[in-house]
Amino acid sequence: MTTDNLLSITTGWQFDMRLKSSSYKRSLHFMLLFTLCFVLPFDGYAQSLPYLVKGKADKAVEQLRDSLEEERDVKSIIPKMKRVEILGKSGKLKEANALLDEILQDFEGLEQRDKEDRKQSLFINDKVVNIKGYDDDAMEAFISRDGRYLFFNSLKTKNRSKDIFYAERIDDYNFRFKGQVKPINTAAVEGVPTMDENGNFFYVSTHAYKPKHLVTMFKGTFNDGMVTNITPLRAISLNKGGWLNMDSEISADGNTLYSTQSFFSRGADAPSVSYFFYAKKKGDIFEPQADSAEIFKNINQDKIVYGTSISKDELELLYTRLLIDEKRIESMRATRTNKNAPFEKPEHIKAITGFSEAPAFGHNEDLIYYHKQSTSDGKFRIHALHRNKDIQ
């Protein structure tokens, strides 16, 4: 992999598998056709009926869009909507109107079942986080251990680089934008910030990735928006072309680094392999541990995992998995009984839906933060979920 290939990677690393999904594209195409069937009034019927049907059709399209975003099962509804399309084109509005009533009831039932399921979820009450003074893509959230700062990165596009920023806490859902974390940002990719309770700051950067320096993880000391004493973490690199540390999470005490080894084929937008390992601090370096495979055996069964966050006691792990064959991204959670034990089999965080990644603990661990792409404007925004206190 060349440096140019690496510069094209969007750290965190946002693989828009949902938009690449042919089934999702077909659904969007169908929604457009479905709506167009009811744009104009139909002759031969009372004027009120065409407009009534058109209104219900528009509502059904909106419900379909919402259901797709929330990953609800709409397999039984799609054929009915296609039947409405046929009825509309043939002018059979009474039949179309009756079938639309049935469709809307189906959507209502799906939504109600979804709400009931979420009441039983460990994480509930999804809210969008507001970063006052910033209205661009915000991804890979990390809350400082004292709760004062939100660190995040932007999205790399043709016109701008991927950079790391920070904001100061107002409350759990509101932060005041402070600007770039300096002087770490370059024209390359910088992202996935993390920090221990002593201000030791870790981040990914591809600016120096080259054959004799296959390093993407760096550390320094954060204070008041500045990172000083920046050094590369050479010991955790595999030192093999195409392999890189895609992201990392430092433990609260600063003694353990949880990271990935990720392989990108030449020109690829997503890794073909990505697995977790951990490294222990020894002097000024972090040494990868020989029992990493055992510790992560239940998690690394999936071919591509990344974007980890670790609880303060290091017994609970949040992360993202990419199911590339199924064209699906899922947020996951795993626990263990003690710091020397393997993580148990992970569970899907069903409250996180849509094109979302990188769940991360809040400073008190009563909230988790993650980023999600908006279906309205395409921007990535940070969301927050509360831990359900009724479920242990």
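In this text, all values refer to a predicted model and were calculated from it rather than measured experimentally. (Residues numbered from 1 in each chain as written. Predicted model: local features only at pLDDT ≥ 70, side-chain atom pairs only at ≥ 80, totals over all residues. Heavy atoms only, no water.)

**A few points about the sheet that holds strand β18 (residues 328-335)**
Then, number 1: With respect to topology, four strands assemble into an open sheet ordered β16-β17-β18-β19, the strand pairing being antiparallel. This sheet does not close on itself; its edge strands, each paired only once, are β16 (305-310) and β19 (347-348).
Then, number 2: Bridging between β18 and β19 involves two bridges; their strand directions are antiparallel. Bridge assignment links M332 to a residue of β19, and that residue is H348. (Pairing = 2+ DSSP bridges. Helix = DSSP H or I, 4+ residues; strand = E, 2+ residues; numbered from the N terminus.)

**Examining the sheet that holds strand β1 (residues 123-128)**
Each strand in a sheet pairs with its neighbour through backbone hydrogen bonds, running either in the same direction (parallel) or in the opposite one (antiparallel).
Then, number 1: The four strands are arranged β1-β22-β21-β20 in an open sheet whose pairing can be described as antiparallel. This sheet does not close on itself; its edge strands, each paired only once, are β1 and β20 (356-361). On average, each strand axis in the sheet is inclined to that of its neighbour by 25 degrees, with strand direction left out of account.
Then, number 2: Note: β1 against strand β22 (residues 380-387), four bridges, orientation antiparallel. Bridge pairing links V128 to H383 in β22. (Axes fitted to C-alpha atoms, helices over the stretch in contact; angles between N-to-C directions.)

**Some remarks on helix α4 (residues 48-69)**
Then, number 1: For α4, built from 22 residues, the straight-helix expectation of 32 Å at 1.5 Å per residue is met to within 8% by its first-to-last C-alpha distance of 32 Å.
Then, number 2: Phi for E71, located one or two positions after α4, is positive at around 60 degrees. (Expected span 1.5 Å × (residues − 1).)

**Some thoughts on helix α5 (residues 78-89)**
Then, number 1: Compared with the 16 Å implied by 1.5 Å per residue over twelve residues, the 17 Å span of α5 between its first and last C-alpha is a close match.
Then, number 2: Here α5 has its buried residues at I78, M81, V84, E85, L87 and G88.
Then, number 3: Looking one or two residues beyond α5, the residue adopting positive phi is G91, at roughly 80 degrees. (Buried < 20%, exposed > 50% of the residue type's maximum accessible area, 1.4 Å probe, protein only.)

**A short note on the confidence of the model for the protein chain**
Then, number 1: On average, residues of the protein chain score 86 in pLDDT, and 86% of them reach the 70 mark or higher.
Then, number 2: When pLDDT is averaged over each helix and strand of the protein chain, the minimum, 33, is found for helix α1 (residues 3-7) and the maximum, 98, for strand β4 (residues 149-153).
Then, number 3: Within the model, the stretch residues 1-25 combines pLDDT values under 50 with 81 contacts to residues more than four positions away or in other chains. (pLDDT = per-residue confidence, 0-100. Contact = heavy atoms within 4.5 Å.)

**Quick look at the nonpolar core**
Then, number 1: Within the largest apolar cluster, 20 residues are counted, with the highest numbers of intra-cluster contacts made by A60, L64, V74, M81, L100, I103 and F107.
Then, number 2: Only α4, α5 and α6 (93-119) provide two or more residues apiece to this core.
Then, number 3: The biggest single contributor to this core is α6, with eight residues.
Then, number 4: The contact partners of F107, leaving out residues within four places of it in the chain, are A60, Q63, L64, S67, V74, I77 and M81.
Then, number 5: Ranked by size, the runner-up nonpolar core spans 16 residues in total, among them V129, I143, L150 and A167. (Core = buried A, V, L, I, M, F, W, Y, C linked by side-chain atoms within 4.5 Å.)

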